[in-house]
Amino acid sequence: MPIAIFGSINIDLTAYAERLPRPGETVHGERYALGLGGKGCNQAVAACRLGAETALVGRIGTDEFGNRALAELAALKVPTGGVFRDAESATGIAVIGVDATAQNCITVIGGANMAIGAADVERAAETFRGADILLLQMEIPLEAGLLAADLVRETGGEVILDPAPAPAGGYATDVLARIDLITPNETETELLTGLRPTNAAEAAEAAGLLRAKGAGAAVVKLGAAGVFYQDAASEGFVEPFKVESIDSVAAGDCFNGGLAVALSEGRPLGEAVRFAAACGALSTTKAGASSSAPTRAEVEALLKRG
Ligand code: RIB
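Thresholds applied
Residues numbered from 1 in each chain as written. Predicted model: local features only at pLDDT ≥ 70, side-chain atom pairs only at ≥ 80, totals over all residues. Heavy atoms only, no water. Salt bridge = Lys/Arg side-chain N within 4 Å of Asp/Glu carboxyl O. Buried < 20%, exposed > 50% of the residue type's maximum accessible area, 1.4 Å probe, protein only. Helix = DSSP H or I, 4+ residues; strand = E, 2+ residues; numbered from the N terminus. Pairing = 2+ DSSP bridges. Axes fitted to C-alpha atoms, helices over the stretch in contact; angles between N-to-C directions. Contact = heavy atoms within 4.5 Å. Parallel < 35°, antiparallel > 145°, perpendicular 65-115°, else oblique. Left-handed = near helix turned anticlockwise from the far one by under 90°. Nonpolar A, V, L, I, M, F, W, Y, C, P; charged D, E, K, R; others polar. Expected span 1.5 Å × (residues − 1).

*Asks:* Could you clarify how one ought to interpret the pattern of salt bridges in this entry?
*Replies:* Side chains that differ in charge, positive against negative, can pair when their charged atoms come close. Counted by the stated rule, this structure contains 14 salt bridges. Among the ionic pairs, arginine 19 bridges to glutamate 25, the shortest N-O distance being 2.5 Å. For arginine 19, a relative accessible area of 35% translates into the label partly exposed. We note a salt bridge from glutamate 139 to lysine 39, for which the minimum N-O separation is 3.8 Å. Within this pair, whereas glutamate 139 is found in the loop between β8 (133–136) and α5 (142–154), its partner lysine 39 is found in helix α1 (residues 39–49), the two being separated by 100 residues in sequence. Considered together, glutamate 139 and lysine 39 belong to a single accessibility category, that of buried residues.

Written as structure tokens, this is what we have:
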């Protein structure tokens, strides 16, 4: 059964510079790249490259960037039957800065992604009803994502929410009760719980709060410090993989794509999180967003090396 991804599709304009500019400052960069991105799209490419049957549902404009996104998705062999064209809105774009330490900052102009609504969920209802796992992020309207989540869960599937970008005031309890697993990073955890975790013990406390608010399971990503996971039956900490990072854009997306693939293969949560952590780490060794998704062979080799 496939993994459905309901989320944003963007074209990313990325500037690489020694350091990111401060407010009011101009810095000279070294190069730039135009490529396929969007958290939903990146997660779909990540799952697809690992060999999973995937179905991406999203919305792009009828503009040149929309054509480009479709062509890149086709080249990456990601099925595009659920990618709808919108004559009224422009394709989403992201303006990204990456510094010499691989850190990034991103401004997203949602465009067609933010025009997604109930009609799109209806058009893709069969995809959602047939999915084992649904991947959601926060670059499309939350209400549409939750409608899709309900369809997936009605037929026994599971929903993973990447709360990126996280809403400033957190979620209402009934939102988290409509998903199975939430995967915030440190900043998102702080926005959702008021706690900014820096180690396993603090992440455990935050995970407990997220589960008390209704999420079935929580996977708290601490970037280069590792990942904590907790569900009703298990909890644990996965140490980070040591890699040569050059660009952290889409590391979280490759993590979530890998997590969905591993869970769809029936792996227990702890093992699935380790697989996902390897996917996220490997993505930082390559430039770009969707283009940084690792292959299954690369992931297996890193898991073996440790
Ligand atoms: O997570 C990385 C992604 O965030 C980029 O590809 C960009 O499009 C933004 O959506």
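*Asks:* Any chance you could explain the sheet that holds strand β6 (residues 92–98) here in plain terms?
*Replies:* What holds strands together in a sheet is hydrogen bonding between their backbones, with the strands either parallel or antiparallel. In spatial order, the strands read β3-β2-β6-β7; together these 4 strands make up an open sheet with mixed pairing. Strand pairing shows two members of the sheet lacking a second neighbour, β3 (31–37) and β7 (104–109), which therefore form its edges. In this sheet, adjacent strand axes meet at a mean angle of 20° when their direction is disregarded. Looking at chain direction, strand β2 (residues 10–16) and β3 are connected through 7 bridges and run antiparallel. Among the inter-strand pairings, aspartate 12 is bridged to a residue of β3, identified as glycine 35. Across the sheet, helix α2 (residues 64–75) is in contact with β2, β3 and β6; its angle to β3 comes to roughly 75°.

*Asks:* Hey, could you run me through the packing of helix α10 (residues 269–283) against helix α11 (residues 296–305) in this one?
*Replies:* Axes are the key here: two packed helices are described by the angle between their axes and the distance separating the axes. Put simply, α10 and α11 touch, their axes get as near as 9 Å, and they point 110° apart. With respect to α11, the element α10 is oriented roughly perpendicular. Of the two possible hands of crossing, α10 and α11 adopt the one that is right-handed. Taken together, the residues of α11 that come into contact with α10 (itself represented by Arg274, Phe275, Ala278, Cys279, Ala281 and Leu282) are Arg296, Glu298, Val299, Glu300, Leu302 and Leu303. Its residues assigned to classes, the contact of α10 with α11 shows 8 nonpolar, no polar and 4 charged.

*Asks:* Sorry if this is basic, but what is going on with α10 here?
*Replies:* Think of an α-helix as turning once every 3.6 residues; residues three or four places apart then point the same way. The terminal C-alpha atoms of α10 lie 21 Å apart, and with 15 residues this matches the ideal 21 Å at 1.5 Å per residue to within 8%. With respect to burial, α10 is a largely interior element, 13 of its 15 residues being buried.

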